[in-house]
Amino acid sequence: MRLVLLGLPGAGKGTQGEQLAEKYSIPHISTGSLIRSVINSGLKLGEIVNAYISKGNLIPDELMMEMLRQRVLADDCRNGWILDGFPRTVKQAMHLDETLKQESSKLDRAFDIRISPQEAVLRITKRRVCRNCGQIYSLEQDLDQESGNCTSCGGPLYQRPDDNVEVAQHRLQVYMEQTHPVVHYYAQSGRLTSINGEQDIDAVFSDLSDAVAVLLQKSKDGGRA
Ligand code: AP5
Ligand code: MG
């Protein structure tokens, strides 16, 4: 199963991507997380990409496309993947289609997790992430206020440097200008499903799982035909 998760910053791509990956035993590939690990690695490339991410701007297409191509061609991706944060421009979307075509495979579906910009800013500023395992938390819902540590691994929680109101507002603007056209790209080719992201996490997951179940059934029926 090859799936793309689209949606405003804070829509829940990471939260849902993790759960879907566990359910279907395929990797969850977050390009934001890939970039953050390059930054933490101390490599020169990290300095270059940090100049973009810290301001809420997109990493240049060529660089991002190469990072992504290497990741999706890795062995653990043979049975599929869930992409979160890629593609973010129409150029990246076309590049993904081309890469898959070369591998004689294709994207199964793009999901657009829809929330309002107001909800996005609220969620982003209340997000905390575990520095060790990457588990995502919300100050609103599930943080152990006493310890402020990750309930899965006990690691320290931190706030992403791009999760302040000012940078978040800019990320929303960048999304509308550069990533929203990707939603149309998939809609026009009949590969888009919209999901209401303003429900609780379990309800969003249930809607996504139902839509994936339909895809799996169709591919089974297609296999029999
Ligand atoms: P990235 O890390 O992908 O950030 P983003 O797209 O802005 O999305 P977020 O991670 O902020 O939100 P999310 O949708 O994952 O929400 P989450 O599940 O955490 O990218 C960061 C940067 O990297 C970009 O700005 C760019 O610079 C660069 N970049 C990345 N990919 C690139 C590309 N392809 N090309 C170029 N540049 C690229 O949830 C958010 C919060 O809400 C959490 O606290 C969570 O607990 C809570 N929450 C989740 N679901 C719900 C719910 N249903 N109800 C209530 N709360 C919820
Ligand atoms: Mg994310």
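Each remark here, short or long, concerns the structure printed above.
Let me begin by describing the structure that accompanies this report. In this convention, every chain numbers its residues from 1, walking through the sequence in written order. As they are written, the chains are lettered A onward and the ligands numbered 1 onward, keeping that order. Totals for whole chains, interfaces and linings use every residue, but because this is a predicted model, local features are given only for residues with pLDDT of at least 70 and side-chain atom pairs only at 80 or more, for both listing and counting. Heavy atoms throughout the structure, all of them, feed into the side-chain values; hydrogens and water do not.

What follows is about the overall build of the protein chain. Helix and strand definitions here come from DSSP, where helices need a minimum of 4 consecutive H or I residues and strands a minimum of 2 consecutive E residues; each element is numbered from the N-terminal end. In terms of regular secondary structure, the protein chain is built from 8 helices and 8 strands. Every radius of gyration here is taken over C-alpha atoms, with the globule rule written as 2.2 Å times N^0.38, N being the number of residues. Taken over the C-alpha trace, the protein chain has a radius of gyration of 17 Å; the compact-globule value for 225 residues is 17 Å, and the two agree within 12%. Principal-axis analysis of the C-alpha atoms places the extent of the protein chain at approximately 55 × 40 × 35 Å. Here's how the labels work: a residue is buried when its accessible area is under 20% of the maximum for its type, exposed when over 50%, partly exposed in between, all with a 1.4 Å probe on protein chains only. Split into buried and exposed, the 225 residues of the protein chain put 45% on the buried side. Any pair of residues with heavy atoms lying within 4.5 Å of one another is described as a contacting pair. Pairs at least 24 residues apart make up 73% of the contacts formed inside the protein chain by residues separated by at least 6 positions. Carbon and sulfur atoms make up 49% of the accessible area of the protein chain, which amounts to about 11,700 Å² in all. Charged residues are defined here as Lys and Arg on the positive side and Asp and Glu on the negative side; His and the ends of the chain fall outside this count. One atom stands in for each charge, and that atom is NZ of Lys, CZ of Arg, CG of Asp or CD of Glu. Mean positive and mean negative side-chain charge positions of the protein chain (26 and 29 charges, respectively) differ by 4 Å. Here the accessible surface of atoms and residues is derived via Shrake-Rupley with a 1.4 Å probe, and residues count as covered only by protein chains that are part of the display.

Before going further, it helps to examine the nonpolar core. Within this scheme, the nonpolar core is defined by two criteria: the residues are buried Ala, Val, Leu, Ile, Met, Phe, Trp, Tyr or Cys, and they are joined through side-chain atoms within 4.5 Å. Counting residues in hydrophobic clusters, the biggest one holds 50 residues, and the most contacted among them are V4, L6, W81, L83, L96, F111 and Y186. In contact with F111, not counting residues within four places along its chain, are L3, V4, L5, L6, T193, I195, L208, A211, V212 and L215.

Two aromatic rings, drawn from Phe, Tyr or Trp (for Trp, its six-membered ring), form a pair once their centres lie within 6.5 Å of each other, and the interplanar angle then sorts them: stacked below 30 degrees, edge-to-face above 60, tilted otherwise. Under the counting rule described, the total for this entry stands at 1 aromatic pair. Taking the centre distance of 5.3 Å and the plane angle of 70 degrees together, the rings of Y185 and Y186 count as edge-to-face. No difference in accessibility class separates Y185 from Y186, as the two residues are buried.

Moving on, we get to the environment of I113. In this structure, I113 sits in strand β4 (residues 109-114). Overall, I113 belongs to the buried group, its relative accessible area being 1%. I113 has contacts with L6, G7, L8, A11, G12, K13, Q16, I195, G197, V204 and L208, leaving out every residue within four places of it along the chain.

Along helix α6 (residues 117-125), the positions that sit buried rather than exposed are A120, V121 and I124. For α6, the buried positions fall inside an angular range of 95 degrees around the axis, keeping them on one side. In this fold, the buried residues of α6 make contact with β5 (127-130) and α7 (165-188). What the arc describes is the spread of directions from the helix axis to the C-beta atoms.

Let us look at the sheet that holds strand β6 (residues 136-138). Backbone-to-backbone hydrogen bonds join strands into a sheet, with any given pair of strands oriented parallel or antiparallel. As summarised here, the arrangement of the 3 strands in space is β6-β5-β7, forming an open sheet in which the pairing is antiparallel. Of all strands in the sheet, those bounded by a partner on one side alone are β6 and β7 (157-158). Direction of pairing for β5 relative to β7: antiparallel, over a ladder of 2 bridges. From the neighbouring strand, C130 faces β7, where its bridge partner is L157. Should DSSP find at least two bridges between two strands, the strands are regarded as paired.

Neighbouring ligand 1 are 34 residues; T15, N57, R88, R127 and R171 lie closest to it. Between a nitrogen atom of ligand 1 and a main-chain N or O atom of G85, the distance comes to 2.8 Å. In the model, a nitrogen atom of ligand 1 is placed 3.0 Å from a nitrogen or oxygen of the Q92 side chain. About the coverage of ligand 1: the protein hides 96% of its 1,100 Å² of free accessible area. The near set for a molecule or strand comprises every residue that places at least one heavy atom within 4 Å of it. Pairs of N or O atoms are called polar contacts if they sit within 3.5 Å, as long as, within protein, a hydrogen donor faces a hydrogen acceptor (for residues adjacent in sequence, only side-chain-to-side-chain pairs).

Any functional reading would require information beyond the geometric quantities listed.
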